[in-house]
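# Secondary and tertiary structure notes
Residue strings, one per chain:
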Amino acid sequence: MNNYKLVIQYDGGRYKGWQRLGSGESTIQGKIENVLSEMIGRPIEIIGCSRTDAGVHAFAQIANFKIAENIPVLEMKHYLNRYLPQDISVIDVSIEGERFHARYNSKAKTYLYKIWNEDYSNPFMRRFSMHVEETLDISKMELAAKHFLGEHDFTAFSNAKSKKKSMVRNIYSIEIEKVDGFLQIRVSGDGFLYNMVRKIVGTLIEVGLGKRDAKEISGMIHSKDRGSVSSLADPGGLYLESIEF
C-alpha cells in the first residue's frame, strides 16, 4: 500500500470545519475526499491531523490516506488543485512510510490568532481576523498567558461537544506580538480540545481589556467548570499554522 501525505491550505470561512459530518454538510475533508474518490474510482477516506472548527483556516493542515495504486505525486497534486474549490489548495503531496499517521504521529501543533486592534475596521481582513476596537494591554495578556503553560486539565476551556477521554493537554508556549495593527497570538501545544484555543484567546482578550484579572486563570483551569469561561473568540481569526512530527 502507498501512504500518501497531503499538506493543505484553506480558507475555512464557508465550511462547517475540517471533519466530514454527512453527505449534506460542506467540510474540508468531504471536499478533498470527493475529488480523490473521482480520481481513483472508489470511495477514499483521508485522516486529518487537526479537526479545525467551522470557519477556522489553515496554513498547513496535514492528512494522509493509503491506496494500492501508485499515482505520481505531481499528477495527484495537479488533479486535486484542478478540481478542488479555489478556497482549498493542496500545496504538497508525498509518499510516506507505511506507519505514518497524520493524527497519531503529530508531536506539536501551533495555532495563530489574528486580532485587528485599531479603532477602525480593516475591510480587507474582516473575514480573517477579529476586530477589537479598544487598545489591548499586551503586558497584562502576557502575564495571563503564563498561567496556561504546562500540563493541565483544560475541561473549563473545552466545549461540551469534546468527546476526548482525557482533557489533559500540555501548552508549550504562548507568544503575543503587535504587527502592523494586528495583535498576533501563537499557541503551541501537544494538542487542543474543541474550541480550546478560541476560549484561551477570548480570555486573554478579556484580560487585555481589563475585564478579567490574570490571577483568575489558574482558578478557572482548576475548577474544570466550563461556565467559568465566558468568552469565545471569533473563528475567522484562527489559523492552524504548523504541525510537528
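Above this note sits the structure.
A few points on the structure. All figures in this text were calculated on a predicted structure; none of them were measured in a lab. (Residues numbered from 1 in each chain as written. Predicted model: local features only at pLDDT ≥ 70, side-chain atom pairs only at ≥ 80, totals over all residues. Heavy atoms only, no water.)

### Let's talk about the nonpolar core
Among the nonpolar cores identified, the biggest contains 70 residues, and I32, F65, M76, F157, I174 and I185 are the most heavily contacted of them. In terms of residue count, helix 4 (residues 196-208) provides more of this core than any other element does, seven residues in total. With sequence-adjacent residues up to four places away left out, F157 is seen in contact with F148, Y194, N195, M196, K199, I200, T203, M220, I221 and V229. (Core = buried A, V, L, I, M, F, W, Y, C linked by side-chain atoms within 4.5 Å. Buried < 20%, exposed > 50% of the residue type's maximum accessible area, 1.4 Å probe, protein only. Helix = DSSP H or I, 4+ residues; strand = E, 2+ residues; numbered from the N terminus. Contact = heavy atoms within 4.5 Å.)

### Digging into helix 5 (residues 216-223)
The complete set of buried residues in helix 5 reads I217, M220 and I221. The buried residues of helix 5 all sit within an arc of 95 degrees when viewed along its axis, so they share a single face. Among the structural elements, helix 3 (138-145), strand 7 (150-153) and helix 4 are those in contact with the buried residues of helix 5. Remark: K224 follows helix 5 within two positions and exhibits a positive phi of approximately 55 degrees. (Arc of directions from axis to C-beta.)

### Focus: the packing of helix 1 (residues 28-40) against helix 2 (residues 73-83)
Where helix 1 meets helix 2, the closest approach of the two axes is 10 Å, and the angle between their N-to-C directions is 125 degrees. One finds that helix 1 runs oblique with respect to helix 2. Read as a crossing pair, helix 1 and helix 2 show a hand that is right-handed. Of helix 2, the residues touching helix 1 (which contributes I32, V35, L36, E38 and M39) are E75, M76, Y79, L80 and Y83. When its residues are assigned to classes, the contact of helix 1 with helix 2 shows eight nonpolar, no polar and two charged. (Axes fitted to C-alpha atoms, helices over the stretch in contact; angles between N-to-C directions. Parallel < 35°, antiparallel > 145°, perpendicular 65-115°, else oblique. Left-handed = near helix turned anticlockwise from the far one by under 90°. Nonpolar A, V, L, I, M, F, W, Y, C, P; charged D, E, K, R; others polar.)

### Quick look at the environment of D153
Structurally, D153 is set in strand 7. Take D153: its relative accessible area is 21%, and that puts it in the partly exposed class. Put simply, D153 and V168 are 15 residues apart on the chain and 4.1 Å apart in space, counted from C-alpha to C-alpha. In this view, D153 contacts M167, V168, I221 and K224; residues no more than four positions away in its chain are not counted.

### Quick word on helix 4
Along its 13 residues, helix 4 runs 18 Å from first to last C-alpha, staying within 8% of the 18 Å computed at 1.5 Å per residue. Downstream of helix 4 by a residue or two, G210 has a phi angle that is positive, lying close to 80 degrees. (Expected span 1.5 Å × (residues − 1).)

### Section: the pattern of salt bridges
Following the criterion strictly, the structure yields twelve salt bridges and no others. We note a salt bridge from E98 to K66, for which the minimum N-O separation is 3.3 Å. You can see E98 sitting in the loop between strand 4 (88-96) and strand 5 (108-116) and its partner K66 sitting in strand 3 (residues 57-67), a full 32 residues away along the chain. Looking at K66, the relative accessible area reads 37%, which means it is partly exposed. E241 serves as the salt-bridge partner of R186, at 2.8 Å between the closest nitrogen and oxygen. Here R186, found in strand 9 (residues 182-189), pairs with E241, found in strand 10 (residues 238-244); they are 55 residues apart in sequence, far enough to count as distant. (Salt bridge = Lys/Arg side-chain N within 4 Å of Asp/Glu carboxyl O.)

### Structural notes on the side chain of S188
Relative to the helices and strands, S188 is located in strand 9. A relative accessible area of 13% means that S188 is categorised as buried. Beyond its immediate sequence surroundings of up to four residues, S188 is in contact with K109, T110, N170, I171, Y172 and S173.

### Some remarks on the environment of V93
Inspection of the secondary structure assignment puts V93 in strand 4. Among residues more than four places away in sequence, those in contact with V93 are Y4, K5, L6, V73, M76 and K77.

### Quick word on the pairing of strand 3
Here strand 3 lies mainly inside the structure; nine of its eleven residues are buried. Pairing analysis gives eight bridges linking strand 1 (residues 2-10) to strand 3, with the strands arranged antiparallel. Within strand 3, the position partnered with Y4 by the bridge is F65. As judged from the two bridges shared by strand 2 (residues 47-48) and strand 3, these two strands associate in the antiparallel manner. Across the sheet, the residue bridging to I47 is N64, located in strand 3. Examined bridge by bridge, strand 3 and strand 10 share two bridges and lie parallel to one another. (Pairing = 2+ DSSP bridges.)

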